[in-house]
Amino acid sequence: MPKNYRENAPITAAQFMDELLRLKRGSVSRRHFLGVTGLGLASAVLAGQTGLLSSPAFAEDLGKQMSIATWPNYHDPATFEAFTAKTGVAVEVNVFGSNEEMLAKLQAGGTGWDLFVPTNYTISTYVKLGLIDPLDMSKLTNYSPATETARFTAEGTVSGTTYAVPKNWGTTGIALNSKKIKTLVVSWKDFFEVAQNEADTRTIVHDYQLTTIGSALVSLGYSFNSIKPDELAKAEALLVKVKPHLYAINSDYQPAMRAGDAWMTMCWTNDGAQLNRDVPEIKFVLGKDGGEIWSDFYAIPKSAANKPAGYALLNYLMDPANAVKEHIANGAPTTDSRVLSLLPKEITSNIIVYPPDGQLTPLEFGAAVTLTDPARAEVMARFKSA
């Protein structure tokens, strides 16, 4: 008997899903499936229950390929390989460095994305512009609203309708090579000062207006989300002053930090955890003067060409057994208590990933207005061209 299952013997949920996918791909007969799952005795009843063996998640043709748009260093490639092995659907990964870039691509149309990873503050704009679908929650049987942390998940629901479900949350802090930088860096004010001195030509800022402008604003004592003209003008002046001292403006900063070409960078939680794990002298700190706290979601574009595969991958990613592997590889903290209970202690006790609540208090979630505010876009454009 394949898989060493005995007919009519109990099997696990994972084994059941494995056999169901084998049945869908035509790898096994219906008789085999009914036998090993223990459903053979009820086959007469099942025959009269339409939909039980042809649930929406598997009744549709998933095709041979799908595409996901996401962030750098954000997934375990083994996750997609395992999904392909189960479904026969190859996953193409498109990497982006900012939500503005994702928005522009979606507005232009023809992205080819079947699933993408927007940040919390963008979802209401995507809904307003009609760029994402309401989610059919009946196709997301692995998702459990009851086990999610509301603080990080609420923005996926707009006017009572769920448009996105959470991937993980995190912070935007500072990663620095402690063997190269001896100055104590504990704030964004420190970051911009050290960038012009000890870390001259060795510092990276994001190619992303929300965090680059936001962190400059915080260093000056203003809100991370400010759109006030006078405050933006001061943030722009600081960024232009710092620019000659930068190594790069790039949201994919891990390669330069690992190689030692860059010594300090704006850094997201997951990158900070990965860098510190592999290169212990690279430390991660949160600005005591403020900064960003965020949560990322999964959503399905209205223009998606292969929505069945988008739902299938999303449901696969919502399975705690799969999600925990993603979190171990990725390093970002989970929003799901089921996943948290499966994570090893060395991760849940890592203060980069799960910092004390007091360190989170000064941080701000991004505000929706910053995504489309023309003044912030213009500041970023002038900074990059200066």
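About the cut-offs
Residues numbered from 1 in each chain as written. Predicted model: local features only at pLDDT ≥ 70, side-chain atom pairs only at ≥ 80, totals over all residues. Heavy atoms only, no water. Helix = DSSP H or I, 4+ residues; strand = E, 2+ residues; numbered from the N terminus. Buried < 20%, exposed > 50% of the residue type's maximum accessible area, 1.4 Å probe, protein only. Contact = heavy atoms within 4.5 Å. Areas by Shrake-Rupley, 256 points an atom, 1.4 Å probe, with all protein chains shown as cover. Core = buried A, V, L, I, M, F, W, Y, C linked by side-chain atoms within 4.5 Å. Axes fitted to C-alpha atoms, helices over the stretch in contact; angles between N-to-C directions. Parallel < 35°, antiparallel > 145°, perpendicular 65-115°, else oblique. Nonpolar A, V, L, I, M, F, W, Y, C, P; charged D, E, K, R; others polar. Pairing = 2+ DSSP bridges. pLDDT = per-residue confidence, 0-100. Polar contact = N/O pair within 3.5 Å; in protein donor to acceptor, adjacent residues only side chain to side chain.

Regarding the overall build of the protein chain
Phase 1: For the protein chain, the helix and strand inventory stands at 20 helices and 12 strands.
Phase 2: Residues classed as buried in the protein chain amount to 53% of the 386 residues present.
Phase 3: For the protein chain, long-range pairs separated by at least 24 residues make up 74% of all intrachain contacts whose partners lie at least 6 apart in sequence.
Phase 4: Carbon and sulfur atoms form 55% of the exposed surface of the protein chain, whose accessible area is close to 16400 Å².

Section: the nonpolar core
Phase 1: Grouped together as the largest cluster of nonpolar side chains are 103 residues, with contacts concentrated most on Leu115, Phe116, Phe192, Met264 and Tyr298.
Phase 2: Counting residues per element, this core draws most heavily on helix H14 (residues 307-318), which supplies eight residues.
Phase 3: In this structure, Leu115 is in contact with Met66, Ser67, Ile68, Ala69, Tyr298, Ala299, Ile300, Pro301, Gly310, Leu313, Leu314 and Leu317, ignoring residues within four places of it in sequence.

Some points on the side chain of Thr269
Phase 1: With respect to the helices and strands, Thr269 occurs in helix H13 (residues 269-278).
Phase 2: Among the residues examined, Thr269 registers a relative accessible area of 1% and is labelled buried.
Phase 3: Non-local contacts of Thr269, meaning those with residues more than four positions away in its chain, are made with Gly170, Thr171, Phe284, Trp294, Gly331, Ala332, Pro333, Ile352 and Val353.

Considerations on the packing of helix H10 (residues 209-219) against helix H11 (residues 229-242)
Phase 1: Direction vectors running N to C along H10 and H11 enclose 100°, while the axes themselves pass 9 Å from each other. With respect to their mutual orientation, H10 and H11 come out roughly perpendicular. On the side of H10, the interface is formed by Thr212, Ile213, Ala216, Leu217 and Ser219, while H11 contributes Glu231, Leu232, Ala235, Leu238 and Leu239.
Phase 2: Of the residues belonging to the contact of H10 with H11, the class tally is seven nonpolar, two polar and one charged.

Some words on the sheet that holds strand E2 (residues 90-95)
Phase 1: Judged by pairing direction, the sheet is parallel, and its three strands sit side by side in the order E2-E1-E3 without closing on themselves. The open sheet is flanked by E2 and strand E3 (115-116), the only strands paired with a single partner.
Phase 2: Here strand E1 (residues 65-70) runs beside E3; their pairing, made up of two bridges, is parallel. Looking across to E3, one finds that Ala69 is bridged to Phe116.
Phase 3: Across the sheet, helix H5 (residues 77-87) is in contact with E1 and E2; its angle to E2 comes to roughly 150°.

Looking at the pairing of strand E9 (residues 264-268)
Phase 1: For E9, the tally of buried residues reaches five of five residues, placing the bulk of the element in the interior.
Phase 2: Pairing of strand E6 (residues 165-177) with E9, which is carried by five bridges, proceeds in the antiparallel orientation. Paired with Ile174 across the strands is Met266, a residue of E9.
Phase 3: Sheet topology note: the strand E7 (residues 203-205)/E9 ladder contains two bridges and is parallel. Each bridged residue has a counterpart across the sheet, and for Thr203 the counterpart in E9 is Met264.

Comments concerning helix H15 (residues 320-330)
Phase 1: Inspection of H15 places Pro320, Asn322, Ala323, Val324, Glu326, His327 and Asn330 among the buried residues, and these make up the whole buried set.
Phase 2: Buried residues along H15 sit against H5, E6, H13, strand E11 (291-298), H14 and helix H16 (337-340).
Phase 3: Where H15 ends, the next residue or the one after it, Gly331, has phi of about 100°, a positive value.

With respect to the pairing of E11
Phase 1: Most of E11 is tucked away: eight of the eight residues are buried.
Phase 2: Note: E6 against E11, seven bridges, orientation antiparallel. By the bridge assignment, Gly170 is partnered in E11 with Trp294.
Phase 3: Here two bridges tie E11 to strand E12 (residues 363-364), and the two strands are oriented parallel to one another.

Observations concerning the confidence of the model for the protein chain
Phase 1: Summing up the model confidence of the protein chain, the mean pLDDT is 89 and the portion of residues at 70 or higher is 84%.
Phase 2: Across residues 1-9, confidence stays below pLDDT 50; counting only partners more than four residues off in sequence or on other chains, it has 21 contacts.
Phase 3: Segment residues 22-31 is flagged for pLDDT under 50; beyond a separation of four residues in sequence, or across chains, it makes 19 contacts in the model.

Details of the packing of H13 against H15
Phase 1: At a minimum axis separation of 8 Å, H13 and H15 run at an interaxial angle of 65°. Seen from H13, the contacting residues are Asn270, Gln274 and Arg277; seen from H15, they are Ile328, Ala329 and Asn330.
Phase 2: Partitioning the contact of H13 with H15 into residue classes produces two nonpolar, three polar and one charged.

Quick notes on the side chain of His206
Phase 1: With respect to the helices, strands and loops of the structure, His206 is situated in the loop between E7 and H10.
Phase 2: At 2.7 Å, the side chain of His206 and the side chain of Thr211 are in polar contact.
Phase 3: A distance of 3.2 Å separates the side chain of His206 from the backbone oxygen of Met266, its partner in a polar contact.
Phase 4: Beyond its immediate chain neighbours, meaning those up to four positions away, His206 contacts Thr172, Thr211, Thr212, Ile249, Asn250, Ser251, Tyr253, Met266, Cys267, Trp268 and Met380.

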